[in-house]
Amino acid sequence: MGSGPVGADVTAAELTSVATVRPARRLDLGEVSRFWGRDGRGTLAVVGPDEDAVTMAVAAADRLSDLTEVTTVILARPTVPPGSGDGAAVLATALGLPATVRTFEVTGSDRCFTTALSLAGDIVAADGSTHVLVVVADDSVREAGSAAESTHGHGATAVLVGPNSGAGTLLCVAGRLDPAPDAWQRPDGVRANAGDRFLATAVAPPHLQALVADDPRLRDLAGRATGVHGAASTPKLGATLANQLVAGLPSVGSDAWELGDAGAATAGMILARILGRGQSGEVHLIVAPGSGIDVLAVEVGDGSSVYLPAADVEGERLPYGTYLRSTGQTVVTDAAPTTSPVTMWRDQPATLGLQGARCVGCTRVTYPEPPVCGACGGHDLQPVDMRGSGVAVTATTDHIVAGVNPGTPESPTTMVVVERDGGGRLFLPAIHGYQPSVGARVRTVLRLAHRGGGFRNYYWRVEPSTAATRRKQP
Amino acid sequence: MSGRLRDNVAVLGVGCTPFGDHFDRSAADLLSAACTEAFDDAELSVDAIEAGWLGSYFPHSGLAGTQLSDAVGLAGKPVSRVENYCVTGTDAIRHGAMAIASGMYDVVLVAGVEKLKEHGDVGIPDQGDHPVIGRGRSAPGGFALSATAYLDTYGLGTDVLDVVAVKNHDNGADHPNAHLRRRISLEQAAAAPVVSSPLRLFDCCPTSDGASAVILGRPELAVGQRPTVTIQGLGLASFTAAPYLAPGFDFLSWPATMAASQAAYRQAGVSPDDIDVSEVHDCFTITELITLEDLGFVDRGQGWRLTADGATRVDGAHPVNPSGGLKAFGHPVGASGVRMVYEVVRQLQDRAHGRQVPEARLGLTHNVGGPGGAISGVVILGRQE
């Protein structure tokens, strides 16, 4: 491993751990097609009404091995939807990282992930002791009824870049820019793009040829690569891209697109598969088109610290009507009360941090932190991180709440009273579709609350507590 | 106060509009109608009123106490607006009663009004909670948490809730002022759509418009041709707005109801077994079941059995909600507590509109409100022989 910028010349950084996630909701493309009078089949993994790129980013990063040494967080997403605010800051706070962490957001193109990795490599090369968390997440909404709607799903991939070996090594990121607008947000929040075929067959080829011609290191890596993979919306387009760089090498199987692509996170999804299933020492190239083209070269590590979602996980079917409503493609006004920037800032320990308090005098734990202890009236209260696991004390699935409580994102909503492990109670909504019974083990998970006031408010929900790999809470 | 309240505050007159959909009547119209009936019942004119209290929960008037003053002509008199979740009306009565008991006034007017139909007909809108932490909460959802716990703890099915709904619909069908005047069957109750599990449509009271009024005063001012009814005990307890978040809260009882009722029993010098008729806060069927236990009518966990055995019917050992309760009579929030006193007074004077409880001499009204049953008010009324 050399030192210096990760650009075309030098390798620098280790990919300590990688995790990729797909949202749990499923869009039945047969139902979508029938709605539009067409025939179609298949399934897409899509965000539900309570998810977005930031919540997926949290879910992915939560599955990495250890974030205690992270000093920089880079959130990559192709577009920044209305009302988003500083997504990287929300991500860092929800992960419990210290306020001294630097945050960046890379956006504007489908190759935001590879660009972010390149940046992370440069940071690590400049300071060999630093750890950078890179997360790519794509929740782009494609226009209802369009062909893109039937191919583009959602997903997120988190990568811990730093000095420690593990999943793999970042060998280089070589790229060329070409400001063909590949991804932009319409005023109505729908993601538009120039067309994958246009990008893959017109924009990409001359740049790929130029990269190979001008970059000896890339030529060398291409010569000893075990596989080359195109991060496109379909396996066929992906193969077209890959062959333009190096013909005849194997690519990830088409099963990678079984639940649709993951938009800008497709490159991350492919990376995780390579590092999780490849043989140690293999070199792989990933072609990521965008406003121009990036080629990412990695070497497979020891196969550890790679999280891939289980292939047989059944997702919850999301009715197409619910999907249209939650993506704002029906006439719905969000009448949620405005969360002003002032109250959002002041309440952040309770909302993003889920911080309660323990009374020093009587040890009672209360959420949110009260001015005085409700049990003994004591004023000496110490903060308690209420995130984590607990038991459902009672619950109800409410079918009218969305009509009477503006800002409740969907109907029905299941509300759960949780007795937290370690003391204290929470009253939280369950993730969409989950109805815990009394006594069920649950755990907290960050989700999108609502978009009242025109910007995104995040809050916690509960999901089933399982044995799936999760980073331990601090 | 406890020493000066009992037997010293009489209900001189009562009035109540029909509860229901009053799209064509404003809050002022309803208040005027209810108060006029109360004046006539007391054989007094508005000039006799020295002070007033208005119970109204939703802030849609922006007029404070003047909403009552202007409706009945109390300009120049001290009039206050009271708000305390579903205990609003009872709390307004409490203020009026304390004013009489203290000797500050001889005759006061207490009224409650609500215009829920102005807000749409999905349910009571949530207005004041935190814009992120408070999302996902509704009135039926809050009480459904207790229903889930109650049925799970005692191993019961939702049929124990259906019995309450059928009984109260039966009672309301005979009351000319009730919002819902139709009988239902157990099968209809069981087949109704879910509102907030496990509560179904008929487990929930309707959203209603309506007003009610009572005139309180010194007992010697009471109309002579009928028995005088006086306040014997009055309790109000206010707990935290989130009791269900207290460790150990089991959702099987409401501490506020127990505290308020115990205070009222103590003041009145009576026990639960002495109560001949009660109007309790059955905003949802589960609320009535748990309230029977909290009021001490039956042991913990046996409220469902008391109901199933028919003891809470008009001809039973503990008649509960002979008017139909909130379930069938309706629940204009600020008016309900006042309406309950209206009903119990008429029961004690043998002039009940609907189901007359025979030989009723001691009555009780109960309200509980707020998330997790944060607040409760109880009034005990007795007939003077």
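Check the entry above for the structure.
### Some words on the packing of aromatic side chains
Two measures describe an aromatic ring pair: the distance that separates the ring centres and the angle between the ring planes.
So, step 1. Applying the stated criterion across every chain, the model contains 10 aromatic pairs over all chains.
So, step 2. With centroids separated by 5.1 Å and ring planes inclined at 75°, the aromatic side chains of Phe-35 of chain A and Trp-36 of chain A adopt a geometry described as edge-to-face.
So, step 3. You can call Trp-36 of chain A partly exposed: its relative accessible area is 38%.
So, step 4. For the pair Phe-19 of chain B and Phe-329 of chain B, a centre-to-centre distance of 5.0 Å together with 85° between the ring planes defines the contact as edge-to-face. Of this pair, Phe-19 of chain B sits in the loop between β1 (10-16) and α2 (27-42) while Phe-329 of chain B is found in helix α11 (residues 325-329), placing the two residues 310 residues apart along the sequence.
So, step 5. The exposure class of Phe-329 of chain B is buried, given its relative accessible area of 0%.
So, step 6. Positioned above the aromatic ring of Phe-329 of chain B, the side-chain terminus of Arg-339 of chain B is 4.5 Å from the ring centre.

### Examining the packing of helix α5 (residues 196-214) of chain A against helix α6 (residues 216-223) of chain A
Residue and element names in this part refer to chain A.
So, step 1. Where α5 contacts α6, the axes come no closer than 5 Å and their chain directions differ by 100°. Judged on the interaxial angle alone, α6 and α5 are roughly perpendicular. Two secondary-structure elements touch here, α5 through Leu-211, Val-212, Ala-213 and Asp-214 and α6 through Pro-216, Leu-218 and Arg-219.
So, step 2. Of the residues belonging to the contact of α5 with α6, the class tally is 5 nonpolar, no polar and 2 charged.

### Observations concerning the sheet that holds strand β3 (residues 43-46) of chain A
Residue and element names in this part refer to chain A.
So, step 1. One open sheet holds the 3 strands; their spatial order is β3-β2-β15, and the pairing between them is mixed. Looking at the sheet topology across the chains shown, the edges are occupied by β3 and β15 (316-317).
So, step 2. Both strand β2 (residues 25-28) and β15 contribute to a ladder of 2 bridges, which runs parallel. Among the inter-strand pairings, Arg-25 is bridged to a residue of β15, identified as Glu-316.

### A closer look at empty space enclosed by the protein
All names here are of chain A.
So, step 1. One pass over the full model with this rule turns up 5 cavities of 30 Å³ or more.
So, step 2. Considered as a void within the structure, the largest cavity measures approximately 170 Å³ in volume.
So, step 3. Around the largest cavity, the lining comprises 16 residues; the ones closest to its centre are Asp-110, Asp-196, Ala-231, Ala-232 and Pro-289.
So, step 4. With 3 residues, α5 is the single largest residue contributor to the lining of the largest cavity.

Parameters and conventions
Residues numbered from 1 in each chain as written. Chains lettered and ligands numbered in written order. Predicted model: local features only at pLDDT ≥ 70, side-chain atom pairs only at ≥ 80, totals over all residues. Heavy atoms only, no water. Phe/Tyr/Trp six-rings, centres within 6.5 Å; stacked < 30°, edge-to-face > 60°. Buried < 20%, exposed > 50% of the residue type's maximum accessible area, 1.4 Å probe, protein only. Helix = DSSP H or I, 4+ residues; strand = E, 2+ residues; numbered from the N terminus. Lys NZ or Arg CZ within 6 Å of the ring centre and 35° of its normal. Axes fitted to C-alpha atoms, helices over the stretch in contact; angles between N-to-C directions. Parallel < 35°, antiparallel > 145°, perpendicular 65-115°, else oblique. Contact = heavy atoms within 4.5 Å. Nonpolar A, V, L, I, M, F, W, Y, C, P; charged D, E, K, R; others polar. Pairing = 2+ DSSP bridges. 1 Å grid on protein atoms, 1.4 Å probe; cavity = no way out; pocket = protein on both sides within 12 Å on 5 of 7 lines; lining within 4 Å. Points joined across faces, edges and corners; volume = space filled by probe spheres on them.

Nothing here speaks to function; it is all geometry.
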